[in-house]
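# Descriptive structure summary
The chain contents come next:
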Amino acid sequence: EELQAHDPQLVTGLHQRASAWYESAGDLDPAIRHAFAAGDLDRAGALLGSGFVRYHWTARRTALRAWIRRFGEAEIQKRPWLAVLAAFEELSMGQRVAAEHFAGVVERGSFEGPPPDGTASFESGRAMLRAVMGRGGAEQMLANASLAVAQEPADGHWRDFALWLLAIAKLTNGDPAGVDELMADAVATARRAGNVGIASCAVGHRAMVAAD
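The structure contained in this document is the topic of the report that follows. (Residues numbered from 1 in each chain as written. Predicted model: local features only at pLDDT ≥ 70, side-chain atom pairs only at ≥ 80, totals over all residues. Heavy atoms only, no water.)

The next point concerns the side chain of lysine 170. Considering the arrangement of structural elements, one finds lysine 170 in helix H11 (residues 159-172). On the basis of relative accessibility, which here comes to 17%, the residue lysine 170 falls in the buried class. Discounting chain neighbours no more than four positions away, the residues touching lysine 170 are Leu142, Asp175, Ala177, Val179 and Leu182. (Helix = DSSP H or I, 4+ residues; strand = E, 2+ residues; numbered from the N terminus. Buried < 20%, exposed > 50% of the residue type's maximum accessible area, 1.4 Å probe, protein only. Contact = heavy atoms within 4.5 Å.)

Listed below in structure tokens is the structure:
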């Protein structure tokens, strides 16, 4: 508090250094907190994006929603890839109206280059969100899921989710051919990536399909 009163710029620098130190130690929670404390929203967003898959699939959704909300509407509109993540979080909590709001930001947005969330492109992330929400009906769901699978690399953090979505889209279109293979690939890809939550959910879904 004394340092803040006498040299606030130094305090900001200390928060930035602390954020970098925690990131290097693999501890994203305090890294994100210090980035926010430094007022560095670009860094906070990049850190949040890098940890999204792990946090979302390990029941850290309350923390994710709280961090996303700290950006505010204007800042999220500047980062439409973050609106994709926000929409996923709201959907997971059953908040349809909020999810539709963020989906609207996504549809109006554009972003060049690979987003900090690890998706291959903003277009791929948007396609996965469209597929999850069933935008445009079953055939369009299949097209969006196929686009995501085509773009996400074999070693990417979103490849497993894209494969799983494609399997779901094929089932939605009444085409079970190749679904089990897609789900098996999704599970294997998730295990290689260490995405335990996705692996567990996809295994359960594969079992349900086999039972049917």
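That shown, we press on.
Next up on the list: helix H4 (residues 41-56). For H4, the principal kink sits at serine 50 and spans about 40 degrees. Residues of H4 that are buried include every one of Ala44, Gly45, Leu47, Leu48, Gly49, Gly51, Phe52, Val53, Tyr55 and His56, and no others. In this fold, the buried residues of H4 make contact with helix H2 (8-24), helix H3 (28-37), helix H5 (61-69), helix H7 (80-92) and helix H13 (196-211). (Bend = angle between axes of the 7 residues up to and from the residue.)

In this section: the packing of helix H12 (residues 179-193) against H13. Close contact between H12 and H13 brings their axes to 8 Å; oriented N to C, the two are set at 160 degrees. Relative to H13, the element H12 is oriented roughly antiparallel. Judged by the sense of rotation from one axis to the other, the crossing of H12 with H13 is left-handed. Contacts from Val179, Asp180, Met183, Ala184, Val187, Ala190 and Arg191 of H12 reach H13 at Ile198, Ala199, Ala202, Val203, His205, Arg206 and Val209. Tallied by class, the residues present in the contact of H12 with H13 amount to 10 nonpolar, 1 polar and 3 charged. (Axes fitted to C-alpha atoms, helices over the stretch in contact; angles between N-to-C directions. Parallel < 35°, antiparallel > 145°, perpendicular 65-115°, else oblique. Left-handed = near helix turned anticlockwise from the far one by under 90°. Nonpolar A, V, L, I, M, F, W, Y, C, P; charged D, E, K, R; others polar.)

Okay, empty space enclosed by the protein next. Under the defined criterion, the tally for this structure stands at 1 cavity of 30 Å³ or more. By volume, the largest cavity is sized at about 40 Å³. Among the secondary structure elements, those contributing two or more residues to the lining of the largest cavity are H5 and H7. Here the lining of the largest cavity is built from residues that sort into 3 nonpolar, no polar and 4 charged. (1 Å grid on protein atoms, 1.4 Å probe; cavity = no way out; pocket = protein on both sides within 12 Å on 5 of 7 lines; lining within 4 Å. Points joined across faces, edges and corners; volume = space filled by probe spheres on them.)

A few words now on the packing of aromatic side chains. Applying the stated criterion to the full structure yields 10 aromatic pairs. Summarising the aromatic geometry, the rings of phenylalanine 88 and phenylalanine 161 are spaced 5.9 Å apart at their centres and angled 85 degrees between planes, so their arrangement reads as edge-to-face. Of this pair, phenylalanine 88 sits in helix H7 while phenylalanine 161 sits in helix H11, and the two are 73 residues apart along the sequence. Owing to a relative accessible area of 11%, phenylalanine 161 belongs among the buried residues under this scheme. Grouped by ring-pair contacts, the aromatic residues Phe52, Trp57, Phe88, Trp158, Phe161 and Trp164 constitute a single cluster. The lysine or arginine in question, arginine 60, covers the ring of tyrosine 55, its NZ or CZ lying 4.7 Å from the ring centre. When the ring centre of phenylalanine 36 is taken as reference, the NZ or CZ atom of arginine 70 above it lies at 4.3 Å. (Phe/Tyr/Trp six-rings, centres within 6.5 Å; stacked < 30°, edge-to-face > 60°. Lys NZ or Arg CZ within 6 Å of the ring centre and 35° of its normal.)

It is worth spelling out a nonpolar patch on the surface at this point. A cluster of nonpolar residues, Leu3, Leu10 and Leu14, forms a patch on the protein surface that exposes about 220 Å² of accessible area. For leucine 14, the position within the fold is in helix H2. The class of leucine 14 is partly exposed, set by a relative accessible area of 36%. (Patch = residues over 30% accessible without salt bridge, like charges linked within 9 Å, V, L, I, M, F, W, Y side chains within 5 Å. Areas by Shrake-Rupley, 256 points an atom, 1.4 Å probe, with all protein chains shown as cover. Salt bridge = Lys/Arg side-chain N within 4 Å of Asp/Glu carboxyl O.)

This part takes up the environment of serine 124. Here serine 124 lies in helix H9 (residues 122-133). When its relative accessible area of 0% is taken as the criterion, serine 124 is described as buried. Distance from serine 124 to valine 149, taken between C-alpha atoms, is 8.3 Å for residues 25 residues apart in sequence. Beyond its immediate sequence surroundings of up to four residues, serine 124 is in contact with Leu147, Ala148, Gln151 and Glu152.

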